[in-house]
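Close look at the chain arrangement
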Amino acid sequence: IVTEMTPRVGEPDDPIVTIYHKAENLYFIAKGECEVFLRSGDLHDQSNSQKFKQATQLIGEDSKTASKAKRKHKRRILREGQLFGEISLVYQCETTATVMAVKYCTIGVLTDKAFEKIVKSQPQIMDRIKQGIYEYDDMTLRFVKLAIA
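Values in this document were obtained by computation on a predicted structure and should not be read as measured data.

Thresholds applied
Residues numbered from 1 in each chain as written. Predicted model: local features only at pLDDT ≥ 70, side-chain atom pairs only at ≥ 80, totals over all residues. Heavy atoms only, no water. Helix = DSSP H or I, 4+ residues; strand = E, 2+ residues; numbered from the N terminus. Contact = heavy atoms within 4.5 Å. Areas by Shrake-Rupley, 256 points an atom, 1.4 Å probe, with all protein chains shown as cover. Salt bridge = Lys/Arg side-chain N within 4 Å of Asp/Glu carboxyl O. pLDDT = per-residue confidence, 0-100. Buried < 20%, exposed > 50% of the residue type's maximum accessible area, 1.4 Å probe, protein only. Arc of directions from axis to C-beta. Core = buried A, V, L, I, M, F, W, Y, C linked by side-chain atoms within 4.5 Å. Phe/Tyr/Trp six-rings, centres within 6.5 Å; stacked < 30°, edge-to-face > 60°.

Quick look at the overall build of the protein
Across its full length, the protein holds 6 helices and 8 strands. Reading the secondary structure of the protein in the N-to-C direction produces β-β-β-β-α-α-β-β-α-β-β-α-α-α. Sequence-distant contacts in the protein: of pairs separated by 6 or more residues, those separated by 24 or more amount to 83%. By element, 50% of the accessible surface of the protein is carried by carbon and sulfur atoms, the whole surface being about 8,800 Å².

Next up, the structure:
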């Protein structure tokens, strides 16, 4: 995996990933910290979708509240050895959060093409990444899981 990565340096407050954009990379933090932000309840403008309505009801929000809320909330700090961008690559959806560098950080970037190549040759990697995703306690992620079920 490491041989397929390219290094990136993140500066303080540098957005590495922006919410609701096309997934292109998987990111590994080699040094430093990043903050993960979500928009509370902003779960895409899919309020006419039946799956959207069912999923938002199951997580305790109605679709009108969910599609109107625009507040940014800090969700977690990611540190050395942790990764991000995996939800979008695994489920082939838009990014589910904004991730910003807290301080200067060094990040290994794995492209979506390299990720696909690695997963084809070593499917157990996909299983481990999915297991990590299922362990998140995140309302947007719960929505995504319910919406694609």
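Structural notes on the pattern of salt bridges
Under the defined criterion, the tally for this structure stands at 3 salt bridges. One salt bridge in this structure joins Glu4 and Lys117, with 3.1 Å as the shortest N-O distance. Of this pair, Glu4 sits in the segment before strand S1 (6-10) while Lys117 sits in helix H4 (residues 112-121); the two residues are 113 residues apart in sequence, bridging distant segments of the chain. Salt-bridge contacts for Asp14 lead to Arg8; the nearest nitrogen and oxygen are separated by 3.4 Å.

Describing the confidence of the model for the protein
Summarising the model, the protein shows a mean pLDDT of 77, and 68% of its residues fall at 70 or more. With pLDDT under 50 throughout, residues 58-71 is counted as low confidence; its partners more than four residues away or in other chains account for 34 contacts.

Quick notes on H4
Within H4, burial applies to Asp112, Ala114, Phe115, Ile118 and Val119. Seen along its axis, H4 keeps its buried residues to an arc of 155 degrees; they face one direction. What points out from H4, more than 90 degrees from its buried face, is the exposed set Lys113, Lys120 and Ser121. Tucked into the core, H4 has its buried residues touching strand S3 (25-31), helix H3 (86-91), strand S8 (105-111) and helix H5 (123-134).

Brief notes about the nonpolar core
Judged by nonpolar contacts, the single largest core of 16 residues is most densely connected at Leu26, Val90, Leu110, Phe115, Ile129 and Ile133. Elements with a contribution of two residues or more to this core: H3, H4 and H5. Setting aside its immediate chain neighbours within four residues, Leu110 contacts Ile1, Glu4, Met5, Glu24, Asn25, Leu26, Phe28, Phe115 and Ile118. The next biggest cluster of nonpolar side chains, apart from the first, holds 15 residues, and it includes Ile29, Leu78, Ala97 and Cys105.

Regarding unusual backbone geometry
Non-glycine residue Asp13 carries a positive phi angle of around 65 degrees. Relative to the elements of secondary structure, Asp13 occurs in the loop between S1 and strand S2 (15-17). Residue Asp13 is classed as exposed on the basis of its relative accessible area, which comes to 54%. Phi is positive for Gln92, which is not a glycine, with a value near 50 degrees. By the element assignment, Gln92 lies in the loop between H3 and strand S7 (98-101).

A look at the packing of aromatic side chains
Throughout the structure, instances matching the rule amount to 1 aromatic pair. Ring plane angle 10 degrees and centroid distance 4.9 Å describe the contact between Tyr27 and Phe84, whose orientation is recorded as stacked. Residue Tyr27 is found in strand S3, and its partner Phe84 is found in strand S6 (residues 83-84); the two are separated by 57 residues along the sequence. Judged on exposure class, the residue Tyr27 and its partner Phe84 are both buried.

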